[in-house]
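Each chain is listed here by its residues.
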Amino acid sequence: MSSIKENIESFTAQLPEGVQLVAVSKFHPVEELAEAYEAGQRLFGENRAQELVAKAPQLPADIRWHFIGHLQKNKVRAIMPHVTVIESVDSVELLQLIEKEAARIDRTVEVLLQLHVAQEETKSGFSVDEVLQAADDGLLTCFPHVRVCGVMAMASLTDDMEQVAREFDLVRRTYLTLKDGCFDESEDFNHLSMGMSDDWQVAVKYGATLVRIGTAIFGPRKY
Ligand SMILES: *Cc1c(COP(=O)(O)O)cnc(C)c1O
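For every chain, the first residue of the written sequence is number 1, and numbering continues from 1 along that sequence. Reporting of local features is limited, given that this is a predicted model, to residues whose pLDDT is at least 70; pairs of side-chain atoms are given and counted only at 80 or more, and all residues count toward the totals for whole chains, interfaces and linings. Side-chain measures here rest on the full set of heavy atoms in the structure, leaving out hydrogens and waters.

Draft legend 1. Geometry of unusual backbone geometry. One non-glycine residue, phenylalanine 27, lies in the positive phi region at around 70°. Secondary structure follows DSSP: runs of H or I at least 4 residues long count as helices, runs of E at least 2 residues long count as strands, and numbering of each begins at the N terminus. Relative to the assigned elements, phenylalanine 27 resides in the loop between strand E1 (20-24) and helix H2 (30-38). The classification of residues rests on relative accessible area computed with a 1.4 Å probe and restricted to protein chains. Under 20% of the type maximum is buried, over 50% is exposed, and intermediate values are partly exposed. Phenylalanine 27 sits in the partly exposed class, given a relative accessible area of 25%. With phi around 65°, cysteine 142 is a residue other than glycine that occupies positive phi space. Mapped onto the fold, cysteine 142 is located in the loop between helix H6 (128-136) and strand E6 (146-154).

Set out below in structure tokens:
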């Protein structure tokens, strides 16, 4: 098996320019994150608030933490001092709460709008219709402490790469509709976060600017 360092180097070499690697480190100990850090990795993704809050102070301060899991409203305050990007904003209410908590500690936070395009009902996110409606209603803009930087999504868990491609294509088209619509004056709305260990190549084809890779860097997770 190749080392974490070799995996980071291999992704860094393979990803086209303009595509950034988020190393998804959930369930992996800080020693393994430190190994990735030493290989030059600075973006890390965590999906549980407690885990992010526990790990962040043990690692260098120039790490940019992306929160990628379902965010409960009562956890927003806890992650706010640590997180750079909340990729998993799945409701207008959550967006409003993030604004409030960012304002409270006088910072600006970047977020992505999570879209639900996969077949599994357990995955969270706005439906395409919901996000376009919220955009039309003016509910996604005008947050002084939140920069909405784009869209995040997960594809269905399937070996059918045509299905995955259709889903990523829908995400990309929705992203472009938002970009040309309510975010047409935003300099920040430039990111499409999609693609994981098994489907990142498809995601890159459909315009991903952020890929979120866990297993292919750190190996299988021990839950
Ligand atoms: C766990 C996770 C990933 C990484 O998945 P791998 O298949 O291990 O690469 C990416 N995105 C989200 C939202 C995740 O929860």
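Draft legend 2. Representation of the nonpolar core in the model. We call a set of buried Ala, Val, Leu, Ile, Met, Phe, Trp, Tyr and Cys residues a nonpolar core when their side-chain atoms join them within 4.5 Å. Counting residues in each nonpolar core, the largest one holds 68 residues, and the members touching the most others are Ile98 and Leu140. Pairs of residues are marked as contacts when any of their non-hydrogen atoms sit within 4.5 Å. Apart from residues lying up to four places away in sequence, isoleucine 98 is in contact with Val76, Met80, Ile86, Val89, Val109, Val111 and Val146. In this structure, Val24, Ile68, Cys149 and Leu210 belong to the second largest nonpolar core, which totals nine residues.

Draft legend 3. Molecular detail of the pattern of salt bridges. The salt bridge definition used is simple: a Lys or Arg side-chain nitrogen within 4 Å of an Asp or Glu carboxyl oxygen. As enumerated under the stated definition, the model contains eleven salt bridges in all. The partner of glutamate 51 in a salt bridge is arginine 48, with the nearest N and O atoms 2.5 Å apart. By relative accessible area, glutamate 51 is classed as buried at 11%. Linking aspartate 188 and arginine 147 is a salt bridge whose minimum nitrogen-to-oxygen distance equals 3.9 Å. Remark: arginine 147 occurs in strand E6 and aspartate 188 occurs in the loop between helix H7 (161-180) and strand E7 (191-193); sequence separation between them is 41 residues. One network of salt bridges, in which partners are shared, links Glu46, Arg48, Glu51 and Lys55.

Draft legend 4. Structural context of the environment of phenylalanine 11. Following the sequence through the fold, phenylalanine 11 ends up in helix H1 (residues 4-14). As for phenylalanine 11 and leucine 21, which are separated by ten residues in sequence, their C-alpha atoms are 7.5 Å apart. If near-sequence neighbours (up to four positions away) are discounted, phenylalanine 11 is found in contact with Leu21, Trp200, Ile213, Ala216 and Ile217.

Draft legend 5. Structural detail: H2. Taken as a whole, H2 has its buried residues at Val30, Leu33, Ala36 and Tyr37. Here the buried residues of H2 occupy an arc of 110° about the axis, which is enough to place them on one side. Seen from the open side of H2, the exposed residues pointing more than 90 degrees away from its buried face are Glu31 and Glu38. Next to the buried residues of H2 lie H1, strand E2 (43-46), helix H3 (49-55), strand E3 (64-67) and helix H9 (215-218). It is the directions from the helix axis to the C-beta atoms that the arc portrays.

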